[in-house]
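Architecture at a glance
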Amino acid sequence: MDGLLIVDKPEGPTSFEVIRQVRRLLKEAPQKEPQQPEGFKREGPYKIGHTGTLDPLATGALVLCLGEACKLTPFLAELDKVYSVDIALGIETDSHDAQGKVIQTRPVPLLTSALLENHLCAFRGSFLQTPPMHSAIKQKGQRLYALARQGIEVERQARAVVVHRLQLEAWEAERIQLTVHCSKGFFIRSLAHELGKLLGCGAHVKHLRRTSVGPFGLAQALTLPAMEADVACLQRQLIPLDKALPWLPAHVLKADEAQKARHGARFKLQAPPGRLRLLDEQGQLLALAEVLDGEPLRYLRVFL
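Residues numbered from 1 in each chain as written. Predicted model: local features only at pLDDT ≥ 70, side-chain atom pairs only at ≥ 80, totals over all residues. Heavy atoms only, no water.

1. A closer look at the overall build of the protein chain
Check the secondary structure of the protein chain and you find 8 helices and 19 strands. Dimensions of the protein chain, computed from C-alpha atoms along their principal axes, come out at roughly 70 × 50 × 40 Å. The burial tally for the protein chain puts 47% of its 304 residues in the buried class. When the accessible surface of the protein chain is totalled, it reaches about 15500 Å², and 52% of it is carbon and sulfur. (Helix = DSSP H or I, 4+ residues; strand = E, 2+ residues; numbered from the N terminus. Buried < 20%, exposed > 50% of the residue type's maximum accessible area, 1.4 Å probe, protein only. Areas by Shrake-Rupley, 256 points an atom, 1.4 Å probe, with all protein chains shown as cover.)

Here's what the structure looks like:
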């Protein structure tokens, strides 16, 4: 089973715990392996990876890569994300979310759309953001959240991020709801924390839901209970390799070119320069490659 599976992650489990549950279910799901060359044998259990961690508090679209699709992880990790977030005002926590320890409470100012929009302007466009201590980023081989749990805070390097859209959806006396369309590497909990500082009252993420990762959204997602009830739905909802990177142009190879691609042999391809999905005449994805002007193509990934 090779392809993408979109899971609607519930609140509570980590992304890796979701992977463990899916791996268990895959042992029960009916397998429809494509025809393989004589003597081919898949070793061990199916590989499963994800393209961007969701915190235990967060719910929503978690893109899992199964089997050969794990080779696509670096390309999928670059995709933008869209979130719906509820931010609680007046309470600051050590983790900047509802699962952290309350460290300070302050009164919330009278909120108006003008006041909120004035502060939200600071988080639109391109800027540098410092990752929070409660994050999965590694520094000198250690996860930042592991250090944070020990009460250790280390200096973090700010990273370039982009917020394409930041929309105020609703607000009450001590709560605001936002939609955020952002680049990879953007931390919603940092947005909540910094907004709380600007308002002078502190804030934290109360609820967070990821609604899409690039072109993949909740409409394609399976819940864990649905998979438990019908393991065959994993196969039905699987996004095949040839549709996993729809934004890259597809190029159908001739039979002799396809044979070369299967073995990773470089050759000149009559196609515009840039990255391509290389398919055989049956529509099977053989490779991702980059066409260079006047030079043999360069392989980025070759698939079994």
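2. Points about the pattern of salt bridges
Evaluated as defined, the whole model comprises 16 salt bridges. Among the ionic pairs, Glu-228 bridges to Arg-24, the shortest N-O distance being 2.4 Å. One end of the pair, Glu-228, is in helix α6 (residues 224-229); the other, Arg-24, is in helix α1 (residues 15-26), and 204 residues separate them in sequence. Here Glu-228 falls in the partly exposed class, since its relative accessible area comes to 40%. Take Arg-24: its relative accessible area is 37%, and that puts it in the partly exposed class. Here Glu-78 and Lys-184 are joined by a salt bridge, their closest N and O atoms 2.9 Å apart. (Salt bridge = Lys/Arg side-chain N within 4 Å of Asp/Glu carboxyl O.)

3. Considerations on the environment of Pro-13
Within the secondary structure layout, Pro-13 lies in the loop between β1 (3-9) and α1. Along the backbone, Pro-13 and Leu-54 are 41 residues apart, and their C-alpha atoms lie at a distance of 9.3 Å. The contact partners of Pro-13, leaving out residues within four places of it in the chain, are Val-18, Gln-21 and Pro-56. (Contact = heavy atoms within 4.5 Å.)

4. Some points on the sheet that holds strand β18 (residues 285-291)
Paired through backbone hydrogen bonds, the strands of a sheet run either parallel or antiparallel to each other. Pairing is mixed in the open sheet, where 4 strands are placed in the order β16-β17-β18-β19. Looking along the sheet, the strands with just one partner apiece sit at the ends: β16 (250-252) and β19 (298-302). Ignoring strand direction, the axes of neighbouring strands in this sheet form an average angle of 30°. Where β18 lies against β19, 4 bridges are found, and the strand directions are antiparallel. (Pairing = 2+ DSSP bridges. Axes fitted to C-alpha atoms, helices over the stretch in contact; angles between N-to-C directions.)

5. Side note on the packing of helix α3 (residues 113-120) against helix α5 (residues 188-199)
Axis separation between α3 and α5 bottoms out at 10 Å; the angle between their running directions is 125°. For the element pair α3 / α5, the angle class is oblique. Of the two possible hands of crossing, α3 and α5 adopt the one that is right-handed. Within the contact between the two elements, α3 uses Leu-115, Leu-116, His-119 and Leu-120 and α5 uses Leu-195, Leu-198 and Leu-199. Class assignment for the residues of the contact of α3 with α5 results in 6 nonpolar, 1 polar and no charged. (Parallel < 35°, antiparallel > 145°, perpendicular 65-115°, else oblique. Left-handed = near helix turned anticlockwise from the far one by under 90°. Nonpolar A, V, L, I, M, F, W, Y, C, P; charged D, E, K, R; others polar.)

6. Remarks on α3
Buried residues of α3: Leu-116, His-119 and Leu-120, and no others. Viewed along the axis of α3, the buried residues span an arc of 100°, placing them on a single side of the element. Projecting away from the buried face of α3 at angles above 90 degrees are the exposed residues Ala-114 and Asn-118. (Arc of directions from axis to C-beta.)

7. Quick look at the packing of aromatic side chains
This structure, assessed with the given rule, holds 1 aromatic pair. Seen in terms of ring centroids, Phe-127 and Phe-186 are 6.2 Å apart; in terms of plane orientation they differ by 85°. Their pairing is edge-to-face. Remark: Phe-186 occurs in the loop between β11 (175-182) and α5 and Phe-127 occurs in strand β7 (residues 125-129); sequence separation between them is 59 residues. Considered together, Phe-127 and Phe-186 belong to a single accessibility category, that of buried residues. (Phe/Tyr/Trp six-rings, centres within 6.5 Å; stacked < 30°, edge-to-face > 60°.)

8. Considering unusual backbone geometry
Leaving glycine aside, a negative phi is the common case for residues, and trans is the common case for peptide bonds. Not every positive phi belongs to a glycine, and His-96 is a case in point at roughly 65°. Along the chain, the position of His-96 falls in the loop between β5 (91-93) and β6 (102-105). By relative accessible area, which is 15% here, His-96 ends up buried.

9. Here's the deal with the nonpolar core
Grouped together as the largest cluster of nonpolar side chains are 49 residues, with contacts concentrated most on Val-22, Leu-178, Val-180 and Met-227. Beyond its immediate sequence surroundings of up to four residues, Val-22 is in contact with Leu-5, Val-7, Ile-48, Leu-64, Met-227 and Leu-234. Counting residues in each nonpolar core, the second largest holds 23 residues, with Ala-244, Leu-245, Leu-288 and Leu-300 among its members. (Core = buried A, V, L, I, M, F, W, Y, C linked by side-chain atoms within 4.5 Å.)

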